[in-house]
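Here's the letter readout for the chains.
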Amino acid sequence: MSMMHASGVNDAAKATNVPPTASLMRWVIIATLPGIATMSYFFGLGVISNVLLAAAFGVALEAAVLRLRRRPIRVMLNDSSALLTGVLLGASLPPASPWWLIGVGMIAAIVVAKQLYGGLGHNPFNPAMVGYALLLVSFPTYMTLWAPPQGLIPDGLWAQIAGTLPTAQLDSLSGATPLDAFKHKGDAVLASEFWATSPLPEGTLNAWRWVGLAWLAGGVLLLAKRIISWHIPVAMVGSLVVLATLFYLSDPSHFASPLFHLLTGATLFGAFFIATDPVSAATSRRGKLLYGVGIGALVITIRTFGGYPDAVAFAVLLMNLCVPLLDLYSVPRPTGQPKATSGKPGERL
Amino acid sequence: MPSAYDFPGGVYLPERKQRSSQATLIEAPLPSRVTLPLQQHSGQPATPCVAPGDRVKVGSVIANREGMISSNLHTSISGTVTEVTTAQITIESDGQDEWFRLPSLDWRSAGRHELLERLNESGIVGLGGAGFPSHIKARVDERHAIDTLVINAAECEPYITADDLALRHYPGEILEGAQIIAKLCGARHIVIGIEDNKPEAIGALQQALADSQPVPVELTVIPTRYPSGGERQLIKKLLDLNVPSGGLPADVGVLCHNPGTLLAILHAVLDGQPLVSRIVTLTGEAIAQPGNRWVRLGTSVKELLEEAGVNHSALNQVIQGGPMMGTPLLTLDTPVTKLTNCLIAATLDELPPPPAESPCIRCGECESVCPVALLPQQLHWYARAQDDTKLERYHLFDCIECGACSYVCPSHIPLVVDYREAKSRLRLQRIEATKAEHAKHRFEFRQARLAREEAEKQARKQARQAQQRRPSNTATSSSEKVDLRGLRIAHAAAKASVKKAEKTLARVAQEDPKQSLDDLEMQLATAQENLKAAEWQLAQAREQQSPDSASKESP
């Protein structure tokens, strides 16, 4: 019957307990702050405008759909999950994205990927990544150009956010991400030659590294607060590093180093904030490990052989697809049940 | 002592045991009236054997066990029976507290049958919570070889300290009770499993260990982690044995007993005192004098709480049992039974109701704390969807309902409530399915009874004839073929089927104390009728043959 529940326990023991769902979401939002702050420091206030706009869209869209679905709006908004989706999508977009781009992304995330599937807890795909992937394939010009680090208020910030900047001028403002640049160096160019030409604007690589470390710090906070378990981040980063190392050792002149893969792009952000979304991830511990390994492997594969410079969104969505299968095949054996003897695996279920 | 083995999952709960464990164990005042339910044990309710107006002494039998899995019931005060209903017996006290005791038994010299009969007569049942009749449990060695007797002193639920206090006050007696059970079931080791949050009880046991004879006793202190007191979890922790799903500890050669039960067993054997009282923990913030009391069975919960100084304005709910697996009492006008180990008078702050349920976010926290390694979240999903096939395949019936999953759920989903509902729904379906089977068994029973009566009649008739014939000394014609061998085989087969029916009944009853046992009792009765019929036939055949053989031998 359990008259006792973790959040009703007002003892010292409470510190070790899992917080309730709503505060779980809020903790994740808090943990994104170091990453967002570091990004803003290097890439300007456009990062913050992204996050605020996306969060506002998220809450407004969630409220609108809940109203259409005749659900208690106040109660369900209180879980902060829409806010979190907004923060995560906002943090993934290129700084100072135009408002309409964010709006389209959030419609895909909240309305299509989340609410149409039944709301919190029922979405098979990570909402923020659905939004991101839709934008990436629909508006590649806006999505692949990333302004080089140039202080808090870059040129044309407001025009960019308002969407009034002519596309021709966009190019002049933006550069490529390190992953993008490396991808398009061409087969004939060796890695050492590529780096020797200092292909990126001053400080870009350094900025990306700091941002990566800031996401890592937020992730460690989540682990320490027991908001997420170690299984998915460790498995994902582990498989990514192992694969990247194998490629790098096989041909260092063409493949990027594991450290490069780890610290640039969305690797650490994805490992701690995206892949760990419990709703769309595998549930059993074994399933989570497989899920993480799959994401890491897909990220490296797509980055190395695919058409996109970064791949966290696609990797996560592809592994979301595999979750029902992973869950089915990773059912733990209950204590006292006989070991599976014969028959095809999963036949019991 | 470090323990190398572990069960999966588990949670660390606030213990809240200090309030009741600090107070000394005292006798609760003698109640002026007791209400004794006929069902205070698993199996069939007992049948009353007293009528209103009867005078009874403490320890007189007032209801007899009914069927195989059942238990006798005794009065807990001396006085007059005032009411006998189909559910309970009420007795008014005469204030004398006169006792009726059975003679003392020396368990070392007493025979097995004598000891079992004593347990049966004394109405001893498992006091840990399930209330399984101890005399049936003690006969487990007829079907399984028992190697180890485990004393389950983990007492892992918060608040409860009844076993703790019992161990501190009666360590020697409890160990002696364990020796009696070890003798009955043939155990060669006794292992005590106790959580490390009971240092005084551990100290008391360590002192008593040396004097415990003849079976060696080992004390294993385990870290405090809920639910280490679950039978399967404790066996895993102490002995690294996995009790098979749907099986019993006996399947791996283990028998588990609660310290309180062992104490009651010793009292029954040594003092001839049936089960009329037990230790109850009274605790909770709404009580002024928390502590453990020796309480006569049938005492009203209300009186007990009043005496302990309950503050009605602060009281929010009274929970019988622990806060994890216990049940809130709907009314305080309810008696203490053999199964009442703890009463928590909780304030609202102390055990607040859970906040409103929110959707499952599949965080998997429930899975990480499940001590059976189930997937609580999938079970929740399928329980709500009433997908019975999936529920069975995800092993719903392996759930021990410990509540660890509900405890940690960040969305406050009452998971165990879902599982209990699903389980009872599935049980109901099974019962529907077995109804036809049951009708068939009823018919078979009738047939068997008629056959037995017929055989009895035949045998009597023949006996009469034989008596008439004997004086004339005319032997029955040897031409009348008596298939003695065939009858002997039939008799042995009937005997075997009685054994089998008993075994099934015992197993089912022990596995699932809540299940109705009518059908199995009926099958057992059928087998018994068949056996009687076979006995009569065999006796009759022997009777027929003996004159033959006599006449053959004489020449």
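Every value quoted in this text rests on a predicted model; they were computed, and no experiment measured them.

Caption draft 1: Broad picture of the overall build of chain A. Check the secondary structure of chain A and you find 17 helices and zero strands. Computed over C-alpha atoms, the radius of gyration of chain A comes to 21 Å, within 12% of the 20 Å expected from 2.2 N^0.38 for 349 residues, which places it in the range of a compact globule. Projected onto its principal axes, the C-alpha positions of chain A cover 65 × 50 × 40 Å. Each of the 349 residues in chain A was classed as buried or not, and the buried ones make up 49%.

Caption draft 2: Focus on the overall build of chain B. Looking only at helices and strands, chain B has 16 helices and 17 strands in total. Taking 24 Å as the expected radius of gyration for a compact globule of 555 residues, we find that chain B reaches 27 Å, a close match to that expectation. Considered along the principal axes of its C-alpha atoms, chain B spans approximately 95 × 60 × 50 Å. The 555 residues of chain B split such that 50% are buried. Summarising the internal contacts of chain B: among those between residues at least 6 apart in sequence, 74% fall at separations of at least 24.

Caption draft 3: Fine view of the nonpolar core. Residues and elements named next belong to chain B. Among the nonpolar cores identified, the biggest contains 155 residues, and Val150, Ile181, Cys185, Leu255, Ile265 and Leu343 are the most heavily contacted of them. If one sorts the elements of this core by residue count, helix α5 (residues 171-185) sits on top with eight residues. Excluding residues that lie within four positions of it along the chain, cysteine 185 makes contacts with Ala138, Val140, Asp141, Ile146, Leu149 and Leu255.

Caption draft 4: Quick peek at the sheet that holds strand β11 (residues 217-222) of chain B. Residue and element names in this part refer to chain B. Spatial strand order, β11-β10-β9-β12: four strands in an open sheet with parallel pairing. The two strands at the open ends of the sheet, each matched to only one other strand, are β11 and β12 (254-257). Along the sheet, successive strands turn relative to each other by an average axial angle of 25°, direction set aside. One ladder, built from four bridges, connects strand β9 (residues 148-153) with β12; its direction is parallel. Bridging from a neighbouring strand, leucine 149 pairs with leucine 255 of β12. Packed on one face of the sheet, α5 meets β9, β10 (189-195), β11 and β12 and runs near 150° to β9.

Caption draft 5: Focus on the packing of helix α4 (residues 162-169) of chain B against helix α8 (residues 259-270) of chain B. Residue and element names in this part refer to chain B. Where α4 contacts α8, the axes come no closer than 9 Å and their chain directions differ by 45°. The orientation of α4 relative to α8 falls into the category oblique. Of α8, the residues touching α4 (which contributes Ala162, Asp163, Ala166 and Leu167) are Pro259, Gly260 and Leu263. A breakdown of the residues in the contact of α4 with α8 according to their chemical character gives five nonpolar, one polar and one charged.

About the thresholds
- Residues numbered from 1 in each chain as written.
- Chains lettered and ligands numbered in written order.
- Predicted model: local features only at pLDDT ≥ 70, side-chain atom pairs only at ≥ 80, totals over all residues.
- Helix = DSSP H or I, 4+ residues; strand = E, 2+ residues; numbered from the N terminus.
- Rg over C-alpha atoms; globule rule 2.2 N^0.38 Å.
- Buried ≥ 20, exposed ≤ 12 C-beta atoms within 10 Å, placed from the backbone.
- Contact = placed C-beta atoms within 7 Å.
- Core = buried A, V, L, I, M, F, W, Y, C linked by C-beta atoms within 7 Å.
- Pairing = 2+ DSSP bridges.
- Axes fitted to C-alpha atoms, helices over the stretch in contact; angles between N-to-C directions.
- Parallel < 35°, antiparallel > 145°, perpendicular 65-115°, else oblique.
- Nonpolar A, V, L, I, M, F, W, Y, C, P; charged D, E, K, R; others polar.

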